[in-house]
Every structure is written in structure tokens, then in C-alpha cells.
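Here's the letter readout for the chains.
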Amino acid sequence: MAIKFTKYHGLGNDFILIDNRSSSEPVLTPEQAVKLCDRHFGIGADGIIFALPGQDGTDYTMRIFNSDGSEPEMCGNGIRCLAAFLAELEGRGEFPIIYRIHTLAGVMTPQIMSDDQVKVDMGTPKLLASEIPTTLCPANEKVINQPLQVGNTSWEVTCVSMGNPHCITFVEDVASIPLDVIGPQFEHHQAFPQRTNTEFIEVVRPNYVKMRVWERGAGITLACGTGACASVVAGVLTGRCDRSATVELPGGCLQIEWSPIDQHIYMTGPAEQVFTGDIS
């Protein structure tokens, strides 16, 4: 059986997009996803995204398999890529092009602007320990500037859920962090029963930060949309950041706003098609 796919990336965070609208279940298994994401023996990607029929009144449903076969609740860069993919499938239309997409983290609303940037209403962040989830604090408390022992270092961390768990720590020099060594230790720390994404943030100024990320299930990636959102929230909670800020990632920049009006997070960034093909 041959399956058509399109490769997209959002700031270097790359995905295989599959038109799965004819079925309510992904046409590939997690094991097949691992093989296709392999950068030497497969297509190469941080994950596979399936565009499924909508449910509960939404236009479409988004499912994702990470490069390790696990399934995350949501992906910020991925949903921008999905919106661009859907617009191509539908033949585009007048701007802005708006979709309501069902995800495991709730309903997300991306809109493609006339400059091809994609703005996504990411909903409201969840801040209680039970919502992350983490055992760093009592269940009904926020996890702000809490000590976390990882390796031989005690890190001060703030935790945020954007529908998926994030552990954020602020550092003086983000480039000096040995991400390949410390990242897995954060991800699999016993304080995070569902594992965690980890963001290391260097505040250049209140409206501009640099970020490096270790993604749960994918490892080091060039960008993480939900991580950028969570990091600005953490920056506001700890008095380091403005509610609107540019987040510089290795793959490029995202614009993040935590609205004081509706408390929703709005993420704006690119989604670019790379190539199309068939897999058998």
C-alpha cells in the first residue's frame, strides 16, 4: 500500500504530514512511525502528524506520533504545519484561513494570515502541580521557582502545562547547557510521572528570550511551540518577562503573547512545506 505524505517544518521542527481524513484512526502504527522518522533509514522527522476527521463540532482532528513512537497531547509547531497542510489540501481560500482542530490537549484554533504566518490560539496555560503533572508541590499549588535535583545540580524550575508538561529553568548562558546529557535526566525524572519537556531560557531583555529545548519523546529539536508558550508564562510568573515576547530558538523566532484580557496564549510563527512523496 502506498501512502502520500508531505514534509513540513516549523522553524526546523520537522514533521511528516499525512491526509488521514478518510479514517478516524491513524493509518500508521507507532512502530511504523519510528521507522519513517529515522533520518538515515526513513524520511526523517521529529514526528508524524495525521489529519483526521473532526469531532465534537471541530473541522479536523490532530494526532501525532513522536519519533520514539510515543503520542504527545499537542505540538505547537506541528499544529501550524497542520494548518498549512490543510489549506493546501483544500486549495486555500481567502485570508485569514481559520480552523478549529481537536487535539488531546483540547480544541486549538490556528489561523493562516496573509503573510503565511500562522497564529494559534493555544488556550489557557495550566499551572497547578496536579495539572502538569508533577510531585514537586502539593497538587493544588503552582510550581514556581521550586528546587529540583538533577545530576549534581539543584535547578530552580517553574512548571507549566500547555496540554503537555513543561519544566522551565532560567540560566545565564543557554548555549553552555549540555542538553544531550541533562535533557534525558529531566525528561525521566521521578518528579514527572508522565515525563516532561524541558526548556532552558536565557532572558536577553523582558520582551526577548533565547530558548533551547529537550522534547519529551523527540530529544533535542530546533524549536518547540508549546515550550515557547510555557516559557513566556514561566517568565511572567517569575517576574522576568513581559506578557508579549519574542522567543529565539535554534531554528528561528516565535512571537508569544499571554493575553491579559482572556488569559489565552497566542503563538505566531511560520510553517513551510519541504517536499512531497509516497511511502510504501
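Residues numbered from 1 in each chain as written. Predicted model: local features only at pLDDT ≥ 70, side-chain atom pairs only at ≥ 80, totals over all residues. Heavy atoms only, no water.

Once that is clear, we can look at the packing of aromatic side chains. Taken as a whole and assessed by the stated rule, the structure comprises 7 aromatic pairs. Each ring, one from Y60 and one from Y99, has its centre 5.9 Å from the other, and the planes form 70 degrees; the classification is edge-to-face. With Y60 in strand β4 (residues 60-66) and Y99 in the loop between β5 (97-98) and β6 (101-103), this pair connects stretches of sequence that are 39 residues apart. For Y60, a relative accessible area of 9% gives the class buried. Classification of Y99 as buried rests on a relative accessible area of 3%. Plain terms: the ring middles of F186 and F200 are 5.5 Å apart, the flat faces sit at 90 degrees to each other, and that makes the pair edge-to-face. On the criterion of sequence distance, the pair formed by F186 in helix α3 (residues 179-187) and F200 in strand β12 (residues 197-205) is long-range, its members being 14 residues apart. Accessibility assignment for this pair places F186 and F200 in one class, buried. (Phe/Tyr/Trp six-rings, centres within 6.5 Å; stacked < 30°, edge-to-face > 60°. Helix = DSSP H or I, 4+ residues; strand = E, 2+ residues; numbered from the N terminus. Buried < 20%, exposed > 50% of the residue type's maximum accessible area, 1.4 Å probe, protein only.)

Counted according to the given criterion, the structure contains 10 salt bridges. Across the salt bridge formed by K7 and D14, the nearest N and O atoms sit 3.3 Å from each other. Comparing K7 with D14, the two get one shared label, buried. One salt bridge in this structure joins D68 and R195, with 3.8 Å as the shortest N-O distance. Here D68, found in the loop between β4 and α2 (76-90), pairs with R195, found in the loop between α3 and β12; they are 127 residues apart in sequence, far enough to count as distant. Look at D68 and you get partly exposed, because its relative accessible area is 39%. The class of R195 is partly exposed, set by a relative accessible area of 23%. (Salt bridge = Lys/Arg side-chain N within 4 Å of Asp/Glu carboxyl O.)

This next bit is on α2. The first and last C-alpha atoms of α2 sit 21 Å apart over 15 residues, in line with the 21 Å expected at 1.5 Å per residue. Within α2, 12 of the 15 residues are buried, which leaves it mostly tucked inside the rest of the structure. Two residues or fewer after α2 comes G91, characterised by a positive phi angle close to 80 degrees. (Expected span 1.5 Å × (residues − 1).)

UniProt feature "binding site: substrate" (unreviewed entry): in the numbering of this structure it lies at N13, N66, G76, N77, N164, N197, E215, R216, G225 and T226. Residue placement: G76 occurs in helix α2. For G76, the residues in contact, after removing those within four places along its chain, are M122, G225, T226 and M267. Structurally, the position occupied by E215 is in strand β13 (residues 208-215). The contacts of E215, once residues within four sequence positions are left out, are N13, E187, N197, T221, A223 and C224. (UniProt positions renumbered as here; feature names shortened; annotations may be inferred. Contact = heavy atoms within 4.5 Å.)

This brings us to the state of the cysteines. As enumerated under the stated definition, the model contains 0 disulfides in all. Unpaired in terms of disulfides, C81 finds its nearest cysteine sulfur in C75, a separation of 7.7 Å. (Disulfide = S-S within 2.5 Å.)

Of all hydrophobic cores here, the largest spans 55 residues; its most connected members are M62, L82 and I256. When residues in this core are grouped by element, the largest group, 8 residues, is from α2. Aside from chain neighbours lying at most four places away, what touches M62 is I49, F50, M74, C75, G78, I79, L82, I101, H102 and T103. Of all hydrophobic cores here, the second largest spans 21 residues; its members include L136, V150, C159 and I177. (Core = buried A, V, L, I, M, F, W, Y, C linked by side-chain atoms within 4.5 Å.)

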